[in-house]
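Breakdown of the fold
Each chain, letter by letter, is given below.
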Amino acid sequence: MIHNIRISSIGSLILGFILLSCGGGSDEPTPVPVPAPGLTTLSLPANNTACLQGTSATTTTASVIFSWGTASNAESYQLVIKNLKTQISAAYTTTKTGDTISLALNTPYAWSVSAINSTGKTTSDSWKFYLSGAASSSYAPFAADLTSPVSGAVINSNGAASVSVTFSWTGSDPDNDIAGYALYLDNTNASTQVIASQTATTATQTLTSAKTYYWKVIATDKMGNTSVSAINSFRIN
């Protein structure tokens, strides 16, 4: 019985040696994951500014300088600029903390920066500015950002024939003189006005279940300038 135990022990030692020889017992360190990139802080163009002084490229465009702070663990940055008139975005990748981009004049924009590395990306807040070709005494408000209900949302009525829905949005203006907001809501294209003007950025409506709704907000300033938001849609089941 003792003899058999010794043979088994020797066999185990030989098997262990074979496994080590084949790499089964490698002592190589496990790679340490790269930490996610930190959050960058936006610098220029300043938020909610107007008549930005860029370098004129043509009579219709100007070169705009964008700058932001260094983010920890970032390998590169992606600058995203959104034309708030067309709702079209353009992205630019750089390893620096700034870039110069030619943009159309007399247009409102939003911009943000994502810090990127092999782990993923971290995106900054979004800032807005208005690129004006000449000084003006009044600028239109920035298009309102619709926050709730988000586009594509589904609201459960729990069998009720109607549901009370609260709409919310945010607004800003280069002149800080927004006079009011109008809410448009219907089942086709958000062309029906349900609130003509209010200063609050929330509104509640009682809506029929089993329908899809479309909504938008028009902001008006004290000089009568207006801006139209994007259209969000949602469904009540």
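Our structure is the block above this text.
Report follows, based on the coordinates. Throughout, residues of each chain are indexed from 1 in the direction in which the sequence is written. Selection of residues for local features in this predicted model requires a pLDDT of at least 70, selection of side-chain atom pairs for listing and counting requires 80 or more, and totals for whole chains, interfaces and linings are taken over all residues. In computing side-chain properties, one takes all heavy atoms of the structure into account and sets aside hydrogens as well as water.

1. Let's talk about the environment of tyrosine 213
- With respect to the secondary-structure elements, tyrosine 213 resides in strand E16 (residues 211-221).
- Linking tyrosine 213 and leucine 185, residues 28 residues apart in sequence, is a C-alpha distance of 6.9 Å.
- Residues are treated as being in contact if the distance between any of their heavy atoms lies within 4.5 Å. The residues contacting tyrosine 213, other than those within four sequence positions of it, are Leu185, Asp186, Asn187, Leu207, Thr208, Asn232, Ser233, Phe234 and Ile236.
- For the purposes of these results, a polar contact is taken to be a pair of N or O atoms within 3.5 Å, where, inside protein, one atom must be able to donate a hydrogen and its partner to accept one; residues adjacent in sequence count only when each atom of the pair is a side-chain atom. At 2.7 Å, the side chain of tyrosine 213 forms a polar contact with the backbone oxygen of threonine 208. In this description a helix means any DSSP run of H or I spanning at least four residues, a strand means any run of E spanning at least two, and both kinds are numbered starting from the N terminus.

2. Let's talk about unusual backbone geometry
- For the bond from leucine 44 to proline 45, the omega torsion is 0°, close enough to zero to count as cis.
- As for its position among the elements, proline 45 is in the loop between strand E1 (42-44) and strand E2 (55-56).
- Residues serine 148 and proline 149 are joined by a peptide bond in cis, for which omega reads 0°.
- Structurally, proline 149 is set in the loop between strand E10 (145-148) and strand E11 (153-155).
- We note that asparagine 48 has phi near 55°; this positive angle belongs to a residue other than glycine.
- One can find asparagine 48 in the loop between E1 and E2.
- The cut-offs for exposure are 20% and 50% of the maximum accessible area for each residue type, with area from a 1.4 Å probe on protein chains only; residues under the lower value are buried, those over the upper are exposed, and the others partly exposed. What makes asparagine 48 partly exposed here is its relative accessible area of 30%.
- Unusually for a residue other than glycine, asparagine 176 sits at a positive phi of about 55°.
- Locating asparagine 176 in the fold gives a position in the loop between strand E12 (162-170) and strand E13 (178-186).
- The exposed category is assigned to asparagine 176, whose relative accessible area is 70%.

3. Digging into the nonpolar core
- In these notes, a set of buried Ala, Val, Leu, Ile, Met, Phe, Trp, Tyr and Cys residues joined through side-chain atoms within 4.5 Å is what counts as a nonpolar core. Phe167, Trp169, Leu207, Trp215, Val217 and Phe234 are the most contacted members of the largest nonpolar core, which has 19 residues in total.
- Put simply, the parts of the chain that give this core at least two residues each are E12, E13, strand E15 (202-208), E16 and strand E18 (232-236).
- Residues Ala62, Phe66, Ile101 and Tyr109 belong to the second largest nonpolar core, which totals 18 residues.

4. A word on the pairing of strand E8 (residues 120-123)
- Here the rule is simple: two strands pair whenever DSSP picks up at least two bridges between them. The sheet contact formed by strand E7 (residues 107-117) and E8 spans four bridges and is antiparallel. By the bridge assignment, asparagine 117 is partnered in E8 with glycine 120.
- Count of turn residues in the E7/E8 antiparallel hairpin: two residues.

5. A look at the pattern of salt bridges
- In what follows, salt bridge is the name for a side-chain nitrogen of Lys or Arg lying within 4 Å of a carboxyl oxygen of Asp or Glu. Taken as a whole and judged by the stated rule, the model has one salt bridge.
- In this structure, aspartate 145 and lysine 128 form a salt bridge, with 2.9 Å as the shortest nitrogen-oxygen distance. In this pair, aspartate 145 sits in strand E10 while lysine 128 sits in strand E9 (residues 127-131), placing the two residues 17 residues apart along the sequence.
- Taking the relative accessible area as the measure of exposure, aspartate 145 reaches 35% and is therefore partly exposed.
- We classify lysine 128 as buried; its relative accessible area is 8%.

6. Comments concerning the sheet that holds E15
- Taken in spatial order, the three strands make up an open sheet running E10-E12-E15, and their pairing is antiparallel. At either margin of the open sheet sits one strand with a lone partner, and together these are E10 and E15. Direction aside, neighbouring strands of the sheet carry axes that sit 35° apart on average.
- Examined bridge by bridge, E10 and E12 share three bridges and lie antiparallel to one another. Along E12, the bridge assignment pairs aspartate 145 with threonine 170. Every angle, taken between N-to-C directions, lies between 0 and 180 degrees, and every axis is a line fitted to C-alpha atoms, over only the stretch in contact when it is a helix.

7. A short note on the side chain of threonine 94
- Relative to the assigned elements, threonine 94 resides in strand E5 (residues 88-94).
- Judged by relative accessible area, threonine 94 falls into the buried class, the value being 13%.
- A distance of 3.0 Å separates a polar atom in the side chain of threonine 94 from the backbone nitrogen of lysine 96.
- Sequence-distant contacts of threonine 94, that is, excluding residues within four places in its chain, are made with Trp68, Ser76 and Tyr77.

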